[in-house]
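# Chain and residue survey
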Amino acid sequence: ACVVKERKMASVSELYDVGWEEMRDKLRKWREDNCRNSEQIVDVGEELISEHGSKLGDDIWIIYEQVMIAALDCSRDDLALTCLQELRKQFPDSHRVKRLSGMRLEALERYDEANKHYDAILQDDPTNTAARKRKISILKAQGKSAEAIRELNEYLEQFVGDQEAWHELSELYINEHDYGKAAFCLEELMMTNPHNHLYCEQYAEVKYTQGGLENLELSRKYFAQALRLNNRNMRALFGLYMSASHIAASPKVGAKVKKDNMKYAAWAATQINRAYKLAGRGTKENKCSVKAVEEMLESMQITMS
Amino acid sequence: MGEVELSCRAYVKMYLHACLFPRCSINGLLLSSSSAGGAVCVTDCVPLLHSHLPLAPITQLALTQVDVWCSQTQQRIVGYYQANACVSDSSPTPCALKIADKIAEQFNNAVLLMIDGGKMSPDYRVPPIVMYERKDSRWTLKDKHTIMLRQWEETRAIASQMLESGDHMLLVDFDSHLDDITKDWTNQKLNNKIAELASPANGNV
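Report on the accompanying structure. Not measured: the values here are computed from a predicted model.

### With respect to helix 7 (residues 111-124) of chain A
Residue and element names in this part refer to chain A. Taking 1.5 Å per residue as the helical rise, helix 7 with its 14 residues ought to reach 20 Å, and the 20 Å between its terminal C-alpha atoms agrees with that figure. Within helix 7, burial applies to Tyr-111, Ala-114, Asn-115, Tyr-118, Ile-121 and Leu-122. Projected down its long axis, helix 7 shows its buried positions confined to an angular sector of 120°, all on one face. Structural note: helix 7 exposes Asp-112, Lys-116, Gln-123 and Asp-124 on the side pointing more than 90 degrees away from its buried face. At its buried positions, helix 7 is contacted by helix 6 (95-107) and helix 8 (129-141).

Put into structure tokens, the structure is as follows:
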């Protein structure tokens with residue numbers, strides 16, 4: 001649920017000592033990075049539009065779109081409607097703007113009307129992926145996970161390269177505890193994004209959750225791979241420690257596998273300790289975490305049989 | 001069965017956790033520094049995750065770390081809280097039940113608390129929470145009259161005030177801690193702020 005905050009009175013430019021160009025550039029960066037910091041976008045964007053709108057040139061239209069979506073996220077329907085109306089005036093027959101109208105209806109939970117908007121777009125243009133994805137988002141918002149999953153699968157049969165869709169599907173499967181299918185989605189993502197440490201690490205987490213010796217070994221391999229790609233990924237480091245420890249402690253493994261995994265776990269433990277010591281230097285408040293980690297590692301240690 | 005008391009500190013941090021990630025499912029652990037027996041006094045909470053709640057490794061890790069911290073600070077884990085991303089559904093998910101079961105193995109009177117996202121707006125005057133307790137191996141709804149929030153109006157005011165001042169941005173959950181391990185998931189800074197805002201007469205923070 002989004003909680004409505006009271007608006008601060010000081011202007012953004014006063015508070016942060018920035019000019020309108022910096023505000024415009026910040027908005028562009030947030031667009032490029034696909035950030036969902038909606039409260040900030042609303043603060044900066046609303047001021048930019050109202051105080052410096054005339055200076056923005058053609059940029060203003062994409063800013064209207066960005067601010068409108070952020071405004072919906074913050075329950076600022078007044079601002080969203082203002083932006084939408086400007087866009088409608090400028091681009092009267094645009095599908096892109098029609099999609100924004102649909103999104104506003106979604107935010108107001110008028111899902112049937114929103115669906116009508118998207119169906120109208122799709123009648124005109126059956127390849128409009130944005131409208132299809134919005135329809136799937138509506139299913140998700142309504143808690144209809146099974147249908148959302150089905151629609152998303154159909155979508156991906158046609159648009160097999162849509163990364164965002166594959167990731168969305170993996171999240172839906174994880175929430176339904178369908179780890180096998182979540183793993184499949186993440187495998188797709190790892191294939192097309194071999195240098196992305198986050199996908200490796202998420203895949204490893206799914207495998208670990210599935211459990212069983214084979215999955216644990218796979219999880220350990222992918223935690224290690226994530227670390228190779230980004231040696232500061234703490235989740236991967238802890239994951240390596242935990243998966244290796246579990247494998248070493250399993251009665252089903254032979255002596256060599258046990259020994260190897262104890263080595264991996266020991267290495268991971270050293271790295272974890274080092275990272276926490278570095279993090280704890282100079283800050284009093286972190287003593288809790290450092291000590292807790294040391295004790296935790298001790299309590300999880302496998303003893304040699 | 002028994003009475004459960006929820007402290008200002010525990011409620012405010014849970015509330016701020018939910019506000020910090022309004023579009024995600026979030027969860028955390030409920031702690032008590034009181035001795036066992038009598039009412040369960042939830043005196044603190046540790047916010048855990050805002051992503052991939054059903055996945056095992058980070059949850060296991062967090063449970064172990066919090067366990068160790070508790071034994072160092074004379075606290076114990078007495079419950080679990082969760083807020084679902086989908087505001088219209090505040091029922092416990094399978095993963096909530098699983099984690100709560102685990103906690104109940106170590107503590108008989110464990111509580112499962114679901115935050116009702118739909119009732120968090122300022123015009124609601126009652127605590128937006130639903131509590132469950134374990135009866136005959138099942139999690140059943142607790143009688144509202146056995147749930148106590150002392151100084152509720154004050155707690156509510158503190159939560160609102162901290163949200164408006166942007167203090168929820170200071171909250172660190174375990175997920176955020178893993179992104180930057182210099183961040184403190186025990187949230188001492190926030191605890192101090194809450195204590196400052198609570199009236200001096202209220203010794204029960």
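### As for the interface of chain B and chain A
With 35 residues of chain B in contact, the opposing surface of chain A contributes 41 residues. Across the interface of chain B and chain A, roughly 3,500 Å² is buried in total on both sides, 61% from carbon and sulfur atoms. Viewed at the interface, chain A and chain B are joined by three salt bridges. Residues Arg23(B) and Asp73(A) are paired through a salt bridge, measuring 3.3 Å at the closest nitrogen-oxygen approach.

### Here we look at the pairing of strand 7 (residues 129-135) of chain B
Residue and element names in this part refer to chain B. Looking at chain direction, strand 6 (residues 111-115) and strand 7 are connected through five bridges and run antiparallel. Residue Leu-112 lies in a different strand from strand 7, and its bridge partner there is Tyr-132. Taken together, the four bridges between strand 7 and strand 8 (residues 138-141) define a ladder with antiparallel strand orientation. Paired with Tyr-132 across the bridge in strand 8 is Leu-141. In this structure, the hairpin formed by strand 7 and strand 8 is closed by a connection of two residues, where Asp-136 is found at a positive phi of approximately 55°.

### Focus: the packing of aromatic side chains
Residues and elements named next belong to chain A. This model, assessed by the stated rule, comprises 10 aromatic pairs over all chains. Ring centres of Trp-61 and Tyr-64 lie 5.8 Å apart, and the angle between their planes is 40°; on these two criteria the pair is classed as tilted. Remark: Tyr-64 and Trp-61 occur in helix 4 (residues 59-73); sequence separation between them is three residues, near one turn of the helix. You'll find Trp-61 and Tyr-64 in the same group, each marked buried.

About the criteria used
Residues numbered from 1 in each chain as written. Chains lettered and ligands numbered in written order. Predicted model: local features only at pLDDT ≥ 70, side-chain atom pairs only at ≥ 80, totals over all residues. Heavy atoms only, no water. Helix = DSSP H or I, 4+ residues; strand = E, 2+ residues; numbered from the N terminus. Expected span 1.5 Å × (residues − 1). Buried < 20%, exposed > 50% of the residue type's maximum accessible area, 1.4 Å probe, protein only. Arc of directions from axis to C-beta. Contact = heavy atoms within 4.5 Å. Buried area = accessible area lost by both parts, 1.4 Å probe. Salt bridge = Lys/Arg side-chain N within 4 Å of Asp/Glu carboxyl O. Pairing = 2+ DSSP bridges. Phe/Tyr/Trp six-rings, centres within 6.5 Å; stacked < 30°, edge-to-face > 60°.

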